[in-house]
Amino acid sequence: MLVDTAGLHPAPAPLVSLHLAQRQQLVRAAEAAVRAGVETAMTDLHEAYQDRALDVAEMVAADLAAELGLDPNSPQVIGAVGRALARLDGGNADRPAIGGVA
């Protein structure tokens with residue numbers, strides 16, 4: 001029995017006490033992570049991966065445009081890169097987001 005409705009036991013049931021202690025532990029761990037800068041580090045990592053993905057897209061577009069004799073700023077190249085980036089940002093649930101951040 002998790003809750004004593006009859007008033008026979010003055011203290012919470014052991015599972016309720018364990019649950020409350022676990023919740024307090026999680027709060028302390030989250031506070032420690034925030035103080036340690038985990039959120040800032042994850043944001044920086046996410047931005048670095050985004051920048052890197054854009055760099056790769058630009059390099060591939062430039063190489064393909066050169067091979068096909070197109071201007072890298074042509075509508076065809078810009079459209080292809082835009083579609084690829086849109087698919088990358090499409091939220092495919094089967095793959096983690098860039099940097100592993102959801």
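The structure we're discussing is the one just above.
The structure displayed is predicted, hence computed values, not measured ones.

Peer 1: What is the right way to read the overall build of the protein chain from this model?
Peer 2: A tally of regular secondary structure across the protein chain gives three helices and zero strands. Order of helices (α) and strands (β) in the protein chain, N terminus to C terminus: α-α-α. Looking at the protein chain residue by residue over its 102 residues, the buried ones come to 6%. As presented, the protein chain carries roughly 8400 Å² of accessible surface, and 61% of it is formed by carbon and sulfur atoms.

Peer 1: Got a minute to help me understand the packing of helix α2 (residues 38-68) against helix α3 (residues 75-88) in this structure?
Peer 2: When two helices pack together, you describe them by how their axes are tilted relative to each other and by the distance separating the axes. Packing of α2 against α3 leaves a shortest axis separation of 10 Å and a crossing angle of 150°. Where α2 crosses over α3, the handedness of that crossing is right-handed. Here A53, L54, A57, A61 and A65 of α2 come into contact with α3, specifically with V77, V81, L85 and L88.

Peer 1: When you look at the layout of surface pockets in this model, what are you seeing that I'm missing?
Peer 2: The gaps left among the atoms become clear once a water-sized probe is rolled over them. The space that makes up the second largest pocket amounts to roughly 260 Å³. As for the second largest pocket, its lining consists of 15 residues, and the residues nearest its centre are V60, A61, L64, A80 and V81. Contributions of two or more residues to the lining of the second largest pocket are made by α2 and α3. When residues of the lining of the second largest pocket are assigned to their parent elements, the largest contribution, eight residues, is made by α2. Considering only residue class, the lining of the second largest pocket consists of 14 nonpolar, one polar and no charged.

Peer 1: Quick question: what am I supposed to make of helix α1 (residues 14-35) here?
Peer 2: Because each turn of an α-helix spans 3.6 residues, side chains separated by three or four positions end up pointing in the same direction. When the terminal C-alpha atoms of α1 are compared, their 32 Å separation across 22 residues agrees well with the 32 Å that a helix rising 1.5 Å per residue should span. Positive phi shows up at G37, right after α1, with a value of about 85°.

Peer 1: It is not clear to me how a nonpolar patch on the surface should be interpreted in this structure. Could you clarify?
Peer 2: A cluster of nonpolar side chains, namely V56, M59, V60, L64, L68 and L70, defines an oily patch on the protein surface of about 530 Å² accessible area. Counting through the fold element by element, L68 comes out in helix α2. Classification of L68 as exposed rests on a relative accessible area of 61%.

Peer 1: Even after reading the chapter, I still don't get a negative patch on the surface, so can you show me in this structure?
Peer 2: Where like charges cluster on the molecular surface, the negative patch consists of D44, E47, D51, D55 and E58. With respect to the helices and strands, D44 occurs in helix α2.

About the criteria used
- Residues numbered from 1 in each chain as written.
- Predicted model: local features only at pLDDT ≥ 70, side-chain atom pairs only at ≥ 80, totals over all residues.
- Heavy atoms only, no water.
- Helix = DSSP H or I, 4+ residues; strand = E, 2+ residues; numbered from the N terminus.
- Buried < 20%, exposed > 50% of the residue type's maximum accessible area, 1.4 Å probe, protein only.
- Areas by Shrake-Rupley, 256 points an atom, 1.4 Å probe, with all protein chains shown as cover.
- Axes fitted to C-alpha atoms, helices over the stretch in contact; angles between N-to-C directions.
- Left-handed = near helix turned anticlockwise from the far one by under 90°.
- Contact = heavy atoms within 4.5 Å.
- 1 Å grid on protein atoms, 1.4 Å probe; cavity = no way out; pocket = protein on both sides within 12 Å on 5 of 7 lines; lining within 4 Å.
- Points joined across faces, edges and corners; volume = space filled by probe spheres on them.
- Nonpolar A, V, L, I, M, F, W, Y, C, P; charged D, E, K, R; others polar.
- Expected span 1.5 Å × (residues − 1).
- Patch = residues over 30% accessible without salt bridge, like charges linked within 9 Å, V, L, I, M, F, W, Y side chains within 5 Å.
- Salt bridge = Lys/Arg side-chain N within 4 Å of Asp/Glu carboxyl O.
- Lys, Arg positive; Asp, Glu negative; His and termini not counted.
- Charge placed at Lys NZ, Arg CZ, Asp CG, Glu CD.

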